[in-house]
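Spelled out from the first residue to the last, the chains are:
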Amino acid sequence: MLTIADHQFSSRLFTGTGKFADHNTMLQAIASSGSQLVTLAMKRIDLTRGHDNLLGPLQSLGVKLLPNTAGARNAKEAIFAAELAYEMLGTKWIKLEIHPDPKYLLPDPIETLIAAQYLCEQGYIVMPYVHADPVLCRRLEEVGCAAVMPLGSPIGSNQGLATETFLRIIIEQATIPVIIDAGIGAPSQACRAMEMGAAAVLVNTAIASSAYPQKMAKCFADAVATGRQAYLAGLGAVNHHADATSPLTAFLTDSSIKVPIPTAHIMRDST
Amino acid sequence: MTHIDSHSQITLQLNGVEQIVRANLNVAELLILCDLPTQSVAIVVNDSVVPRSRWMHILCQANDNITVFSAVAGG
């Protein structure tokens, strides 16, 4: 079981709700994923288009909701968004996202740390989306974040674990859950993240933008479970040179057996 | 839009759209009047989040900038 703050999760696959073709597809995919933590965003209601009820169906799935602060460009806006989320959903769990640049959506580390410290002091369960920066992740842990969510690659890019070297350091150092967020584009990448020792992964685009989201969600669930089991089983060491798995002695080279010359018909059959 | 009666009606901005409503309308009543959801929303009046417990006590004022937020899909 994965424990974050006072909550336990049996699934280590967290999912987002964006980019699905429709709510029904999203709900089927989330159900298929087995995810127990689902992210959502906040937006001003558009009076010309009416209210789109997302919460009702999500709550019927029984998942825990993790509102994010997407759209915030600095700490002040992110804190405001967290307060909105608390008022709206009654939860102090918050995925802290501050990305001022819309092209790459890379998180602002300084504003994130400022907001994280303030929100932790206010009793929020803060899960910051950050670059794969081991030093920053340590600082976020020190100010009381419940988890860190370093990116594998840019949001929605499906580029996978481009930051793998640094993710490994973060995982090695952290004493809070490390959830790989953003950029995971294939189940194999999610599996790899879990093999590395990630506590969980958060996947949205790769599922929502697949041809069959419900099937892909199940693939991710299986991959995450397999990756976790592989991590727990303990991966073998990686060697630079070959290391034989079969005995290389007492067979041909050091015995008295004379290796026969292949017969003609064997030669013919093999051509 | 113009005022019909400046003593009984006020003009305010609701989610960026100008509205003429009666004076002494509180925030909770405003949501109902404008057919907005009252559950799982957050209200901001002039840049301050108004707790649900205060909705009945906050009267709309002329030129208020009121914003209602709800949850949407996101990652």
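The structure presented is a predicted model; accordingly, all values stated were derived computationally and were not measured.

Quick notes on the rules
Residues numbered from 1 in each chain as written. Chains lettered and ligands numbered in written order. Predicted model: local features only at pLDDT ≥ 70, side-chain atom pairs only at ≥ 80, totals over all residues. Heavy atoms only, no water. UniProt positions renumbered as here; feature names shortened; annotations may be inferred. Helix = DSSP H or I, 4+ residues; strand = E, 2+ residues; numbered from the N terminus. Contact = heavy atoms within 4.5 Å. Buried < 20%, exposed > 50% of the residue type's maximum accessible area, 1.4 Å probe, protein only. Polar contact = N/O pair within 3.5 Å; in protein donor to acceptor, adjacent residues only side chain to side chain. Pairing = 2+ DSSP bridges. Axes fitted to C-alpha atoms, helices over the stretch in contact; angles between N-to-C directions. Buried area = accessible area lost by both parts, 1.4 Å probe. Nonpolar A, V, L, I, M, F, W, Y, C, P; charged D, E, K, R; others polar.

With that out of the way, let us pick up the UniProt feature "binding site: 1-deoxy-D-xylulose 5-phosphate" (unreviewed entry) in chain A. All names here are of chain A. This chain's UniProt record puts "binding site: 1-deoxy-D-xylulose 5-phosphate" (unreviewed entry) on Gly156, Ala182, Gly183, Asn204 and Thr205. In terms of the greatest pairwise C-alpha distance, the residues named above, spread along 50 residues, form a tight cluster of at most 9.0 Å across. Examined against the element boundaries, Ala182 turns out to sit in the loop between β9 (179-181) and α7 (187-195). Not counting residues within four places of it along the chain, the set of residues in contact with Ala182 comprises Tyr129, Leu151, Gly152, Ser153, Ile155 and Leu202. Mapped onto the fold, Gly183 is located in the loop between β9 and α7. By relative accessible area, which is 7% here, Gly183 ends up buried. Residues in contact with Gly183, not counting those within four places in the same chain, are Ser153, Pro154, Gly156, Ser157, Asn158, Gln159, Gly160 and Gln189.

Our next topic: the side chain of Ser153 of chain A. Residue and element names in this part refer to chain A. With respect to the secondary-structure elements, Ser153 resides in the loop between β8 (149-150) and α6 (164-173). We classify Ser153 as buried; its relative accessible area is 2%. Within polar-contact distance, the side chain of Ser153 engages the side chain of Ser157 at 3.4 Å. Residues in contact with Ser153, not counting those within four places in the same chain, are Gln159, Gly160, Ala162, Ala182 and Gly183.

Residues annotated in UniProt with the feature "domain: Thiazole synthase ThiG" (unreviewed entry) correspond here to residues 3-247 of chain A. When the span residues 3-247 of chain A is considered, its composition is 40% helix and 16% strand, and the gap between its end C-alpha atoms is 45 Å.

It is worth spelling out the sheet that holds strand β6 (residues 93-96) of chain A at this point. In any sheet, the strands associate via hydrogen bonds between backbone groups, in a parallel or an antiparallel arrangement. Residue and element names in this part refer to chain A. Strand order in the open sheet formed by three strands is β6-β7-β8, and the pairing between neighbours is parallel. Across the chains shown, the open sheet's two edge strands, defined by having one partner strand only, are β6 and β8. This element, helix α4 (residues 109-121), spans β6 and β7 (125-130) of the sheet and lies at about 170° to β7.

Facing the 23 residues of chain A at the interface are 26 residues of chain B. In this assembly, chain A packs against chain B so that about 2,100 Å² is buried in total across both faces, 67% of it on carbon and sulfur atoms. Connecting chain A to chain B are nine residue pairs in polar contact (both at pLDDT 80 or more). Of all the secondary structure elements, the ones that give two or more residues to the side of chain A that touches chain B are β4 (37-44) and α3 (75-89) of chain A. No other element matches β4 of chain A, which puts six residues into the side of chain A that touches chain B. For the side of chain A that touches chain B, the class distribution of residues is ten nonpolar, seven polar and six charged.

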